[in-house]
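In case you want the letters, here they are:
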Amino acid sequence: MTDGLPASRVLFVGAVEEGRRCLDAMIARHERFAGIVTLNDSLAATTSGAVPFDDVAREQGIPLLKVANLNSPDNIGKVRELAPDLILVIGWTR
């Protein structure tokens, strides 16, 4: 939430508990989200401390992008389509 300033659309990138806590705090402040990026299920299963983001994305109606490589041309294109004003990377292990 911004005090008198236009609200930014945030793309949140995270995969572990610390990131999830930050995301939850931002949701509690009613921030606007362009999307959430997290690890795909197979990488999450082998990453220490990884937590799911599916539930919060579904509950809040936020687009969820699960990736193996965020820097692949396909995923970069998907991020561009989401058109975030700001990208926050918190708890990303890659």
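The structure presented is a predicted model; accordingly, all values stated were derived computationally and were not measured.

**Student:** What is the right way to read the overall build of the protein chain from this model?
**Tutor:** Scanning the protein chain for helices and strands turns up four helices and four strands. Beginning at the N terminus, the succession of helices and strands in the protein chain can be written as β-α-β-α-α-β-α-β. Its C-alpha radius of gyration of 13 Å places the protein chain within 12% of the 12 Å reference for a compact globule of 94 residues. Counting only C-alpha atoms, the protein chain reaches 45 × 30 × 20 Å along its principal axes.

**Student:** Hey, could you run me through the packing of aromatic side chains in this one?
**Tutor:** Geometrically, a pair of aromatic rings is defined through the distance of the ring centres and the angle of the planes. The final tally for this structure, using the stated rule, is one aromatic pair. Above the plane of the ring of phenylalanine 53 lies arginine 20, whose end atom (NZ or CZ) is 5.9 Å from the centre.

**Student:** What should I look at first to understand the pairing of strand 1 (residues 9-13) in this one?
**Tutor:** Side chains on a regular strand alternate between the two faces of the sheet. Here strand 1 lies mainly inside the structure; four of its five residues are buried. On the question of chirality, the crossover connecting strand 1 to the parallel strand 2 (residues 32-39) by way of helix 1 (residues 17-28) is right-handed. When strand 1 meets strand 4 (residues 86-89), the two strands line up parallel, connected through four bridges. Note that in strand 4 the partner of valine 13 across the bridge is valine 89.

**Student:** How should the pattern of salt bridges be read in this particular structure?
**Tutor:** Any two side chains of opposite charge can pair if their charged atoms end up close together. Following the criterion strictly, the structure yields six salt bridges and no others. For arginine 29, the salt bridge identified is with glutamate 31, shortest N-O distance 3.4 Å. Note on arginine 29: relative accessible area 46%, which makes it partly exposed. Residues lysine 78 and aspartate 74 are paired through a salt bridge, measuring 3.3 Å at the closest nitrogen-oxygen approach. Placement of both lysine 78 and aspartate 74 in helix 4 (residues 73-82) is noted, with a separation of four residues, approximately one turn of the helix. Residue classification places lysine 78 among the partly exposed residues on the basis of a relative accessible area of 33%. Salt bridges sharing partners connect three or more residues here, namely Arg20, Asp24 and Asp55.

**Student:** How do you make sense of the environment of leucine 65 when you look at a structure like this?
**Tutor:** Here leucine 65 lies in strand 3 (residues 64-67). Separated by 13 residues in the primary sequence, leucine 65 and lysine 78 have C-alpha atoms spaced 8.3 Å apart. Beyond its immediate sequence surroundings of up to four residues, leucine 65 is in contact with Ile36, Val37, Thr38, Asn75, Lys78 and Val79.

The rules behind these values
- Residues numbered from 1 in each chain as written.
- Predicted model: local features only at pLDDT ≥ 70, side-chain atom pairs only at ≥ 80, totals over all residues.
- Heavy atoms only, no water.
- Helix = DSSP H or I, 4+ residues; strand = E, 2+ residues; numbered from the N terminus.
- Rg over C-alpha atoms; globule rule 2.2 N^0.38 Å.
- Phe/Tyr/Trp six-rings, centres within 6.5 Å; stacked < 30°, edge-to-face > 60°.
- Lys NZ or Arg CZ within 6 Å of the ring centre and 35° of its normal.
- Buried < 20%, exposed > 50% of the residue type's maximum accessible area, 1.4 Å probe, protein only.
- Right-handed = clockwise from strand over helix to strand, strands pointing away.
- Pairing = 2+ DSSP bridges.
- Salt bridge = Lys/Arg side-chain N within 4 Å of Asp/Glu carboxyl O.
- Contact = heavy atoms within 4.5 Å.

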